[in-house]
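Structural overview for review
The residues making up each chain are set out below.
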Amino acid sequence: MNQQKIGTKCVQAGYTPGNGEPRQIPIIQSTTFKYDTSEDMGKLFDLEASGYFYTRLQNPTNDYVAAKIAALEGGTAAMLTSSGQAANFFALFNICENGSHIVASSSIYGGTFNLIAVTMAKMGIDVTFVSPDSTEEELNAAFKDNTRAVFGETIANPALTVLDIEKFAKAAHEHGVPLIVDNTFPTPVNCRPIEWGADIVTHSTTKYMDGHGAAVGGVIVDSGKFDWMAHADKFPGLTTPDESYHGIVYAEKFGQEGAFITKCTAQLMRDFGCIQSPQNAFLLNLGLESLHVRMPKHVENGLAVAKFLESQDKVLKVSYPGLESDKYYELAKKYLPNGGCGVVSFELAGGRAAAESFMKKLRLAAIETHVADARTCCLNPATSTHRQLTDEQLEAAGIPAGLIRMSCGLEDKEDLIADIANALA
Ligand SMILES: Cc1ncc(COP(=O)(O)O)c(C=O)c1O
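About the criteria used
- Residues numbered from 1 in each chain as written.
- Predicted model: local features only at pLDDT ≥ 70, side-chain atom pairs only at ≥ 80, totals over all residues.
- Heavy atoms only, no water.
- Salt bridge = Lys/Arg side-chain N within 4 Å of Asp/Glu carboxyl O.
- Helix = DSSP H or I, 4+ residues; strand = E, 2+ residues; numbered from the N terminus.
- Buried < 20%, exposed > 50% of the residue type's maximum accessible area, 1.4 Å probe, protein only.
- Near = heavy atom within 4 Å.
- Polar contact = N/O pair within 3.5 Å; in protein donor to acceptor, adjacent residues only side chain to side chain.
- Areas by Shrake-Rupley, 256 points an atom, 1.4 Å probe, with all protein chains shown as cover.
- Nonpolar A, V, L, I, M, F, W, Y, C, P; charged D, E, K, R; others polar.

So, the pattern of salt bridges
- Tallied over the entire structure, the rule returns 13 salt bridges.
- Between E48 and K253 there is a salt bridge, with the nearest N and O atoms lying 3.7 Å from each other. Here E48 is found in the loop between α2 (38-45) and α3 (60-73), whereas its partner K253 is found in helix α10 (residues 250-253), with 205 residues between them in sequence.
- Given a relative accessible area of 53%, E48 falls into the exposed group.
- Here K144 makes a salt bridge to D126, at a shortest N to O gap of 3.1 Å. Taken together, the residues span a long stretch of sequence, with K144 in the loop between α6 (136-141) and β4 (147-153) and D126 in strand β3 (residues 126-130) at a distance of 18 residues.
- For K144, a relative accessible area of 40% gives the class partly exposed.
- A relative accessible area of 35% means that D126 is categorised as partly exposed.
- If you follow the salt bridges from partner to partner, you end up with E136, K170 and E174 in one network.

Here's what the structure looks like:
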(Lines give C-alpha, C1' and ligand atoms only; values in the text may rest on other atoms or scores of the structure.)
Protein backbone atom coordinates (compact mmCIF):
# COMPACT_ATOMS: atom_id res chain seq x y z
CA MET A 1 0.00 0.00 0.00
CA ASN A 2 2.74 2.46 1.00
CA GLN A 3 4.26 2.22 -2.50
CA GLN A 4 1.18 3.94 -3.96
CA LYS A 5 1.33 7.57 -4.94
CA ILE A 6 -0.32 10.27 -2.89
CA GLY A 7 -3.36 10.74 -5.16
CA THR A 8 -4.19 7.05 -5.10
CA LYS A 9 -3.98 7.08 -1.32
CA CYS A 10 -6.26 10.14 -1.16
CA VAL A 11 -8.89 8.24 -3.10
CA GLN A 12 -8.50 4.67 -1.88
CA ALA A 13 -6.50 4.26 1.34
CA GLY A 14 -8.08 3.36 4.66
CA TYR A 15 -11.12 1.41 3.49
CA THR A 16 -11.32 -1.60 1.20
CA PRO A 17 -14.82 -3.03 0.93
CA GLY A 18 -15.29 -6.77 0.80
CA ASN A 19 -17.56 -8.61 -1.63
CA GLY A 20 -20.99 -6.95 -1.69
CA GLU A 21 -20.05 -4.31 0.86
CA PRO A 22 -20.71 -0.55 0.45
CA ARG A 23 -18.33 1.19 -1.97
CA GLN A 24 -18.38 4.37 0.12
CA ILE A 25 -17.31 4.17 3.77
CA PRO A 26 -20.31 3.37 5.97
CA ILE A 27 -21.34 5.95 8.55
CA ILE A 28 -21.64 3.89 11.73
CA GLN A 29 -24.14 6.14 13.47
CA SER A 30 -24.19 4.18 16.71
CA THR A 31 -23.07 5.19 20.17
CA THR A 32 -22.53 1.60 21.21
CA PHE A 33 -21.74 -1.91 19.99
CA LYS A 34 -23.31 -5.26 20.90
CA TYR A 35 -21.48 -8.33 22.28
CA ASP A 36 -22.59 -11.90 22.90
CA THR A 37 -20.72 -12.35 26.18
CA SER A 38 -19.28 -10.19 28.92
CA GLU A 39 -15.96 -11.95 28.34
CA ASP A 40 -15.89 -10.65 24.74
CA MET A 41 -16.46 -7.12 25.95
CA GLY A 42 -14.08 -7.52 28.87
CA LYS A 43 -11.23 -8.20 26.45
CA LEU A 44 -11.83 -4.81 24.86
CA PHE A 45 -11.77 -3.06 28.23
CA ASP A 46 -8.50 -4.82 29.03
CA LEU A 47 -7.06 -3.76 25.63
CA GLU A 48 -6.58 -7.50 24.99
CA ALA A 49 -8.61 -7.41 21.78
CA SER A 50 -9.22 -4.59 19.32
CA GLY A 51 -12.78 -3.58 18.60
CA TYR A 52 -15.44 -1.05 19.50
CA PHE A 53 -17.56 -0.62 22.57
CA TYR A 54 -18.47 3.06 22.83
CA THR A 55 -18.17 5.89 20.29
CA ARG A 56 -16.78 8.33 22.87
CA LEU A 57 -13.49 6.43 22.42
CA GLN A 58 -13.56 4.94 18.93
CA ASN A 59 -15.84 4.46 15.95
CA PRO A 60 -15.23 2.40 12.78
CA THR A 61 -16.05 5.29 10.39
CA ASN A 62 -13.46 7.46 12.10
CA ASP A 63 -10.92 4.66 11.98
CA TYR A 64 -11.28 4.20 8.19
CA VAL A 65 -10.55 7.90 7.73
CA ALA A 66 -7.74 7.97 10.31
CA ALA A 67 -6.11 5.02 8.51
CA LYS A 68 -6.26 6.97 5.24
CA ILE A 69 -4.56 9.99 6.83
CA ALA A 70 -1.92 7.76 8.45
CA ALA A 71 -1.17 6.37 4.98
CA LEU A 72 -1.01 9.90 3.50
CA GLU A 73 1.43 11.12 6.17
CA GLY A 74 3.47 7.91 6.20
CA GLY A 75 2.60 7.16 9.83
CA THR A 76 1.86 3.91 11.63
CA ALA A 77 -1.30 4.94 13.51
CA ALA A 78 -3.73 7.85 13.67
CA MET A 79 -6.87 9.04 15.44
CA LEU A 80 -9.48 11.64 14.59
CA THR A 81 -10.42 14.31 17.11
CA SER A 82 -13.35 16.71 17.27
CA SER A 83 -11.18 19.69 16.22
CA GLY A 84 -7.65 20.76 15.43
CA GLN A 85 -7.46 22.29 18.89
CA ALA A 86 -8.25 18.90 20.44
CA ALA A 87 -5.62 17.25 18.22
CA ASN A 88 -2.86 19.60 19.34
CA PHE A 89 -3.91 19.44 22.98
CA PHE A 90 -4.02 15.63 22.96
CA ALA A 91 -0.72 15.31 21.07
CA LEU A 92 1.01 17.40 23.75
CA PHE A 93 -0.90 16.26 26.82
CA ASN A 94 -0.35 12.60 25.93
CA ILE A 95 3.32 13.06 26.89
CA CYS A 96 3.24 16.15 29.16
CA GLU A 97 1.94 16.50 32.69
CA ASN A 98 2.11 18.91 35.59
CA GLY A 99 5.79 19.92 35.81
CA SER A 100 6.62 19.32 32.13
CA HIS A 101 8.02 21.88 29.71
CA ILE A 102 7.45 22.40 25.97
CA VAL A 103 9.66 24.16 23.41
CA ALA A 104 7.38 25.73 20.79
CA SER A 105 7.84 27.92 17.75
CA SER A 106 6.46 31.38 18.48
CA SER A 107 5.05 31.49 14.95
CA ILE A 108 1.94 29.35 15.32
CA TYR A 109 -1.85 29.68 15.11
CA GLY A 110 -3.22 32.03 17.81
CA GLY A 111 -5.52 29.36 19.22
CA THR A 112 -2.62 26.96 19.67
CA PHE A 113 -0.48 29.72 21.17
CA ASN A 114 -3.23 30.41 23.70
CA LEU A 115 -3.72 26.70 24.40
CA ILE A 116 -0.03 26.27 25.23
CA ALA A 117 0.75 29.65 26.83
CA VAL A 118 -2.41 30.06 28.91
CA THR A 119 -4.51 26.93 29.29
CA MET A 120 -1.72 24.35 29.56
CA ALA A 121 0.17 26.72 31.87
CA LYS A 122 -2.81 26.41 34.26
CA MET A 123 -2.14 22.66 34.26
CA GLY A 124 1.44 23.29 35.36
CA ILE A 125 2.95 22.79 31.90
CA ASP A 126 5.54 25.43 31.10
CA VAL A 127 6.61 26.64 27.64
CA THR A 128 9.54 28.42 26.04
CA PHE A 129 8.65 30.02 22.72
CA VAL A 130 11.46 30.21 20.20
CA SER A 131 11.72 32.01 16.88
CA PRO A 132 11.14 29.69 13.92
CA ASP A 133 14.39 31.20 12.61
CA SER A 134 16.41 30.16 15.70
CA THR A 135 19.92 28.91 15.18
CA GLU A 136 20.82 25.45 16.49
CA GLU A 137 22.47 27.10 19.52
CA GLU A 138 19.38 29.19 20.26
CA LEU A 139 17.18 26.14 19.97
CA ASN A 140 19.39 24.04 22.23
CA ALA A 141 19.38 26.81 24.84
CA ALA A 142 15.58 26.60 25.12
CA PHE A 143 15.59 23.01 26.46
CA LYS A 144 15.30 22.15 30.16
CA ASP A 145 15.56 18.87 32.04
CA ASN A 146 11.78 18.67 32.09
CA THR A 147 11.26 19.38 28.36
CA ARG A 148 8.98 16.73 26.89
CA ALA A 149 8.12 17.94 23.38
CA VAL A 150 8.97 20.40 20.62
CA PHE A 151 6.11 21.92 18.64
CA GLY A 152 5.86 23.91 15.39
CA GLU A 153 3.75 24.43 12.26
CA THR A 154 5.09 23.47 8.80
CA ILE A 155 3.66 26.71 7.37
CA ALA A 156 2.50 28.90 10.23
CA ASN A 157 -0.96 30.45 10.35
CA PRO A 158 -1.05 33.39 9.63
CA ALA A 159 2.61 34.50 9.46
CA LEU A 160 3.41 31.90 6.74
CA THR A 161 6.85 31.22 8.17
CA VAL A 162 8.25 27.85 7.06
CA LEU A 163 9.57 25.54 9.78
CA ASP A 164 13.02 24.08 9.26
CA ILE A 165 11.74 20.65 10.21
CA GLU A 166 15.12 18.91 10.05
CA LYS A 167 16.71 21.51 12.33
CA PHE A 168 13.89 21.34 14.89
CA ALA A 169 13.84 17.51 14.74
CA LYS A 170 17.59 17.35 15.33
CA ALA A 171 17.35 19.60 18.39
CA ALA A 172 14.38 17.63 19.75
CA HIS A 173 16.10 14.28 19.26
CA GLU A 174 19.37 15.46 20.78
CA HIS A 175 17.35 16.21 23.91
CA GLY A 176 15.48 12.90 23.82
CA VAL A 177 12.03 14.29 23.00
CA PRO A 178 9.72 14.10 19.95
CA LEU A 179 8.98 16.83 17.43
CA ILE A 180 5.26 17.47 16.92
CA VAL A 181 4.42 19.27 13.68
CA ASP A 182 1.06 20.79 12.81
CA ASN A 183 0.89 20.17 9.05
CA THR A 184 -2.51 21.79 8.45
CA PHE A 185 -1.53 24.29 5.75
CA PRO A 186 0.51 22.20 3.28
CA THR A 187 -1.34 18.92 3.92
CA PRO A 188 0.48 15.66 3.15
CA VAL A 189 -0.01 16.40 -0.55
CA ASN A 190 2.61 19.16 -0.34
CA CYS A 191 4.75 18.12 2.65
CA ARG A 192 5.11 15.02 4.77
CA PRO A 193 6.96 16.12 7.93
CA ILE A 194 7.66 12.53 9.02
CA GLU A 195 9.96 12.17 6.00
CA TRP A 196 11.99 15.08 7.44
CA GLY A 197 12.23 13.75 10.98
CA ALA A 198 8.98 14.79 12.70
CA ASP A 199 7.64 12.19 15.14
CA ILE A 200 4.01 13.21 15.50
CA VAL A 201 1.92 15.12 12.95
CA THR A 202 -1.33 16.94 13.68
CA HIS A 203 -3.92 18.69 11.53
CA SER A 204 -6.94 20.82 11.79
CA THR A 205 -8.88 18.71 9.27
CA THR A 206 -11.35 21.61 9.28
CA LYS A 207 -9.06 23.22 6.70
CA TYR A 208 -7.86 21.80 3.35
CA MET A 209 -8.54 18.17 4.26
CA ASP A 210 -12.28 18.86 4.53
CA GLY A 211 -11.82 21.76 2.14
CA HIS A 212 -15.46 22.78 1.83
CA GLY A 213 -16.14 24.55 5.12
CA ALA A 214 -18.41 21.68 6.16
CA ALA A 215 -16.94 19.85 9.16
CA VAL A 216 -14.74 20.86 12.11
CA GLY A 217 -12.20 18.16 12.98
CA GLY A 218 -8.64 17.19 13.77
CA VAL A 219 -6.24 14.29 13.45
CA ILE A 220 -3.09 13.03 15.17
CA VAL A 221 -0.68 10.79 13.25
CA ASP A 222 2.18 8.91 14.89
CA SER A 223 5.27 8.14 12.82
CA GLY A 224 5.99 5.13 15.02
CA LYS A 225 9.63 6.18 14.96
CA PHE A 226 10.14 7.67 18.41
CA ASP A 227 11.72 5.21 20.81
CA TRP A 228 9.83 5.88 24.06
CA MET A 229 11.66 3.11 25.91
CA ALA A 230 15.04 4.67 25.11
CA HIS A 231 13.85 7.75 27.06
CA ALA A 232 11.70 5.87 29.55
CA ASP A 233 12.33 8.24 32.45
CA LYS A 234 10.88 11.17 30.47
CA PHE A 235 7.70 9.40 29.38
CA PRO A 236 6.40 7.33 32.32
CA GLY A 237 2.87 7.44 30.91
CA LEU A 238 4.04 5.27 28.02
CA THR A 239 6.74 3.25 29.73
CA THR A 240 5.32 2.36 33.17
CA PRO A 241 2.13 0.43 34.06
CA ASP A 242 -1.26 2.13 33.54
CA GLU A 243 -3.28 1.06 36.57
CA SER A 244 -6.51 2.08 34.84
CA TYR A 245 -5.85 -0.75 32.35
CA HIS A 246 -4.66 -3.47 34.71
CA GLY A 247 -1.06 -2.37 34.64
CA ILE A 248 -0.32 -2.56 30.91
CA VAL A 249 2.74 -0.70 29.66
CA TYR A 250 1.79 0.94 26.35
CA ALA A 251 5.30 1.01 24.86
CA GLU A 252 5.77 -2.69 25.62
CA LYS A 253 2.36 -3.97 24.61
CA PHE A 254 1.80 -1.84 21.50
CA GLY A 255 5.41 -1.13 20.51
CA GLN A 256 6.77 2.02 18.99
CA GLU A 257 4.19 1.84 16.17
CA GLY A 258 1.08 1.78 18.32
CA ALA A 259 1.84 3.03 21.83
CA PHE A 260 1.23 6.76 21.37
CA ILE A 261 -2.17 6.53 19.63
CA THR A 262 -3.38 3.65 21.82
CA LYS A 263 -2.58 5.58 25.02
CA CYS A 264 -4.13 8.74 23.59
CA THR A 265 -7.33 6.86 22.72
CA ALA A 266 -7.49 4.74 25.86
CA GLN A 267 -6.78 7.57 28.32
CA LEU A 268 -7.42 10.99 26.78
CA MET A 269 -10.35 10.13 24.52
CA ARG A 270 -11.85 8.10 27.36
CA ASP A 271 -11.53 10.98 29.82
CA PHE A 272 -12.10 14.03 27.60
CA GLY A 273 -14.30 12.54 24.86
CA CYS A 274 -13.25 14.92 22.06
CA ILE A 275 -14.18 12.42 19.35
CA GLN A 276 -15.07 13.47 15.82
CA SER A 277 -18.63 12.55 14.91
CA PRO A 278 -18.88 9.73 12.34
CA GLN A 279 -20.92 12.09 10.12
CA ASN A 280 -18.06 14.59 10.11
CA ALA A 281 -15.55 11.81 9.47
CA PHE A 282 -17.61 10.82 6.41
CA LEU A 283 -17.58 14.43 5.14
CA LEU A 284 -13.85 14.63 5.84
CA ASN A 285 -13.31 11.54 3.71
CA LEU A 286 -15.17 13.14 0.80
CA GLY A 287 -12.77 16.08 1.09
CA LEU A 288 -9.73 13.79 1.23
CA GLU A 289 -10.80 12.02 -1.96
CA SER A 290 -10.05 15.20 -3.95
CA LEU A 291 -7.27 16.71 -1.79
CA HIS A 292 -4.54 15.94 -4.36
CA VAL A 293 -6.61 17.59 -7.10
CA ARG A 294 -7.52 20.67 -5.06
CA MET A 295 -4.14 21.51 -3.49
CA PRO A 296 -2.33 22.35 -6.77
CA LYS A 297 -5.20 24.74 -7.68
CA HIS A 298 -5.03 26.43 -4.25
CA VAL A 299 -1.26 26.82 -4.78
CA GLU A 300 -1.73 28.19 -8.32
CA ASN A 301 -4.25 30.78 -7.11
CA GLY A 302 -2.18 31.68 -4.03
CA LEU A 303 0.93 32.31 -6.12
CA ALA A 304 -0.96 34.35 -8.75
CA VAL A 305 -2.59 36.53 -6.07
CA ALA A 306 0.72 36.94 -4.20
CA LYS A 307 2.49 38.05 -7.39
CA PHE A 308 -0.29 40.52 -8.19
CA LEU A 309 -0.24 41.98 -4.66
CA GLU A 310 3.53 42.32 -4.80
CA SER A 311 3.18 44.57 -7.85
CA GLN A 312 0.80 47.00 -6.09
CA ASP A 313 1.97 50.31 -4.57
CA LYS A 314 -0.61 50.20 -1.78
CA VAL A 315 0.77 46.88 -0.52
CA LEU A 316 3.70 47.23 1.88
CA LYS A 317 4.63 43.59 2.13
CA VAL A 318 3.48 40.21 0.84
CA SER A 319 4.28 36.96 2.61
CA TYR A 320 3.97 33.85 0.53
CA PRO A 321 6.76 31.26 0.73
CA GLY A 322 6.38 30.53 -2.99
CA LEU A 323 7.47 34.09 -3.91
CA GLU A 324 11.16 34.42 -4.77
CA SER A 325 11.30 37.59 -2.67
CA ASP A 326 9.98 35.76 0.41
CA LYS A 327 12.28 35.20 3.36
CA TYR A 328 11.25 31.53 3.44
CA TYR A 329 11.63 30.85 -0.31
CA GLU A 330 14.70 28.61 0.12
CA LEU A 331 13.10 26.59 2.92
CA ALA A 332 9.92 26.33 0.83
CA LYS A 333 11.91 25.00 -2.13
CA LYS A 334 13.31 22.32 0.15
CA TYR A 335 10.22 21.30 2.10
CA LEU A 336 7.45 22.36 -0.31
CA PRO A 337 8.75 21.74 -3.84
CA ASN A 338 5.22 21.56 -5.27
CA GLY A 339 4.09 24.70 -3.44
CA GLY A 340 2.67 25.20 0.02
CA CYS A 341 -0.92 26.35 0.21
CA GLY A 342 -3.38 28.99 -0.99
CA VAL A 343 -3.00 31.32 1.97
CA VAL A 344 -1.31 34.67 1.35
CA SER A 345 -0.61 37.30 4.01
CA PHE A 346 -0.08 40.94 3.10
CA GLU A 347 0.12 44.31 4.77
CA LEU A 348 -1.64 47.32 3.31
CA ALA A 349 -0.30 50.84 3.66
CA GLY A 350 -2.61 52.58 6.13
CA GLY A 351 -2.69 49.84 8.77
CA ARG A 352 -5.82 48.54 10.43
CA ALA A 353 -8.17 51.18 8.93
CA ALA A 354 -6.98 50.54 5.37
CA ALA A 355 -7.27 46.78 5.91
CA GLU A 356 -10.84 47.10 7.17
CA SER A 357 -11.92 49.37 4.33
CA PHE A 358 -10.29 47.10 1.70
CA MET A 359 -12.01 44.02 3.08
CA LYS A 360 -15.43 45.72 2.99
CA LYS A 361 -15.04 46.34 -0.76
CA LEU A 362 -14.25 42.74 -1.71
CA ARG A 363 -17.09 40.94 -3.50
CA LEU A 364 -15.78 37.40 -4.05
CA ALA A 365 -13.53 37.06 -1.01
CA ALA A 366 -15.70 36.89 2.09
CA ILE A 367 -14.70 38.00 5.60
CA GLU A 368 -14.54 34.76 7.57
CA THR A 369 -12.74 33.18 10.52
CA HIS A 370 -11.56 30.41 8.28
CA VAL A 371 -8.94 29.40 5.77
CA ALA A 372 -8.44 26.60 3.29
CA ASP A 373 -11.94 26.57 1.90
CA ALA A 374 -13.02 26.12 -1.73
CA ARG A 375 -14.32 29.73 -1.53
CA THR A 376 -11.84 32.56 -1.10
CA CYS A 377 -12.00 34.25 2.29
CA CYS A 378 -9.98 36.74 4.30
CA LEU A 379 -9.57 38.32 7.70
CA ASN A 380 -7.51 40.76 9.72
CA PRO A 381 -5.89 38.58 12.45
CA ALA A 382 -5.20 41.42 14.90
CA THR A 383 -8.94 42.11 15.25
CA SER A 384 -10.10 38.49 15.08
CA THR A 385 -8.18 35.21 15.55
CA HIS A 386 -5.23 36.83 17.34
CA ARG A 387 -7.04 39.49 19.36
CA GLN A 388 -6.02 37.77 22.61
CA LEU A 389 -2.34 38.44 21.87
CA THR A 390 -0.56 41.52 23.21
CA ASP A 391 1.25 43.84 20.78
CA GLU A 392 4.56 42.25 21.82
CA GLN A 393 3.21 38.76 21.18
CA LEU A 394 1.80 39.88 17.81
CA GLU A 395 5.21 41.30 16.94
CA ALA A 396 6.95 38.06 18.00
CA ALA A 397 4.53 36.07 15.86
CA GLY A 398 5.19 38.40 12.89
CA ILE A 399 1.65 39.78 12.67
CA PRO A 400 1.35 43.57 12.16
CA ALA A 401 -2.03 45.15 12.98
CA GLY A 402 -2.70 45.92 9.29
CA LEU A 403 -2.05 42.39 8.10
CA ILE A 404 -4.67 40.65 5.97
CA ARG A 405 -4.70 36.91 5.60
CA MET A 406 -6.34 35.83 2.37
CA SER A 407 -7.11 32.20 1.72
CA CYS A 408 -7.34 31.72 -2.04
CA GLY A 409 -10.03 29.21 -2.93
CA LEU A 410 -10.69 27.27 -6.09
CA GLU A 411 -12.23 30.05 -8.19
CA ASP A 412 -10.55 31.26 -11.40
CA LYS A 413 -7.51 33.32 -10.49
CA GLU A 414 -8.40 36.10 -12.98
CA ASP A 415 -11.64 36.75 -11.05
CA LEU A 416 -9.85 36.77 -7.69
CA ILE A 417 -7.29 39.28 -8.96
CA ALA A 418 -10.03 41.48 -10.45
CA ASP A 419 -11.85 41.47 -7.08
CA ILE A 420 -8.67 42.49 -5.24
CA ALA A 421 -7.78 45.14 -7.83
CA ASN A 422 -11.23 46.65 -7.52
CA ALA A 423 -11.06 46.77 -3.71
CA LEU A 424 -7.57 48.30 -3.81
CA ALA A 425 -8.71 50.97 -6.26
C1 LIG B 1 -2.55 25.57 11.86
C2 LIG B 1 -3.78 25.37 12.69
N3 LIG B 1 -3.77 24.46 13.67
C4 LIG B 1 -4.86 24.23 14.45
C5 LIG B 1 -6.00 24.97 14.28
C6 LIG B 1 -7.19 24.70 15.15
O7 LIG B 1 -8.09 23.91 14.41
P8 LIG B 1 -9.67 23.85 14.68
O9 LIG B 1 -10.22 25.19 14.33
O10 LIG B 1 -10.11 22.75 13.78
O11 LIG B 1 -9.85 23.54 16.11
C12 LIG B 1 -6.07 25.93 13.26
C13 LIG B 1 -7.28 26.71 13.06
O14 LIG B 1 -7.32 27.65 12.29
C15 LIG B 1 -4.92 26.13 12.44
O16 LIG B 1 -4.92 27.04 11.46
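Some remarks on the site of the ligand
- Around the ligand, a shell composed of 14 residues is seen, among which N157, D182, S204, T206 and K207 lie nearest.
- Taking N157, its side chain carries an N or O atom lying 2.7 Å from an oxygen atom of the ligand.
- Within the side chain of K207, a nitrogen or oxygen atom sits 2.8 Å from an oxygen atom of the ligand.
- When the ligand sits alone it has 390 Å² of accessible area, and the protein chains cover 90% of it.
- Looking at the shell around the ligand, the element that brings in the most residues is helix α4 (residues 84-93), giving three residues.
- Residues belonging to the shell around the ligand are distributed by class as follows: two nonpolar, nine polar and three charged.

By themselves, these observations are geometric and do not establish any function.
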